[in-house]
Amino acid sequence: IIDGDTVHINNNKIRLHGIDAPEKNQTCTKNNLIWNCGIESTKFLKQIIGDDIIKCKTNGKDKYNRFMGVCYKNKLDLNSKMVANGWAIAYRYYSNDYIKEEEVAKNKKIGIWSGEFIEPYLFRKKNK
């Protein structure tokens, strides 16, 4: 597990389709306190997967030559789980797949939705 939206399986890097998680070095703010939401997002994905084997259904590659895919632990859609628990946003630029899950997390104020954050793609752009 590289971060909250990228995994390595054998020699293949797989970017979780339709979601965007905070970068590992990204921080968020909650009640005027800064916290490492990128690390927490990565930890959450590691927790869900544990030592289990995951399978990914890929649908092409991105501009960085990573496979794009939806990954599963048994029948659990990990992409969906990350967004529903507030550890990633629905990446609307590429997909409308996880908008409902994002609304749930936003309404519950969980994960990154519990405070303020810069959308991960804007954070990456700003920190190039």
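Described in the following lines is the structure provided in the data block. What you are looking at is a predicted structure, and each value in this text was computed from that prediction instead of being measured. (Residues numbered from 1 in each chain as written. Predicted model: local features only at pLDDT ≥ 70, side-chain atom pairs only at ≥ 80, totals over all residues. Heavy atoms only, no water.)

1. Brief notes about the overall build of the protein
For the protein, the count of helices and strands is 4 helices and 9 strands. Along the protein, helices (α) and strands (β) appear in the sequence β-β-β-β-β-α-β-β-β-α-β-α-α when read from the amino end. Taking 2.2 N^0.38 as the reference for a compact globule, 128 residues should give roughly 14 Å; the C-alpha atoms of the protein span a radius of gyration of 14 Å, in line with that estimate. Viewed in the frame of its principal axes, the protein has a C-alpha envelope of about 40 × 30 × 30 Å. Out of the 128 residues belonging to the protein, those deemed buried represent 44%. Averaging the locations of the 23 positively and 15 negatively charged side chains of the protein gives two centres separated by 2 Å. (Helix = DSSP H or I, 4+ residues; strand = E, 2+ residues; numbered from the N terminus. Rg over C-alpha atoms; globule rule 2.2 N^0.38 Å. Buried < 20%, exposed > 50% of the residue type's maximum accessible area, 1.4 Å probe, protein only. Lys, Arg positive; Asp, Glu negative; His and termini not counted. Charge placed at Lys NZ, Arg CZ, Asp CG, Glu CD.)

2. Thoughts on the pattern of salt bridges
For the structure shown, the criterion picks out 10 salt bridges. In this structure, Asp 52 and Lys 73 form a salt bridge, with 3.0 Å as the shortest nitrogen-oxygen distance. Of this pair, Asp 52 sits in the loop between helix H1 (37–49) and strand S6 (55–61) while Lys 73 is found in strand S7 (residues 67–73), placing the two residues 21 residues apart along the sequence. Across the pair Arg 92 and Glu 102 runs a salt bridge whose closest N-O atoms are separated by 2.8 Å. Placement of Arg 92 in the loop between strand S9 (89–90) and helix H3 (99–108) and of Glu 102 in helix H3 is noted, with a sequence separation of 10 residues between them. Assessed through its relative accessible area of 40%, Arg 92 is described here as partly exposed. (Salt bridge = Lys/Arg side-chain N within 4 Å of Asp/Glu carboxyl O.)

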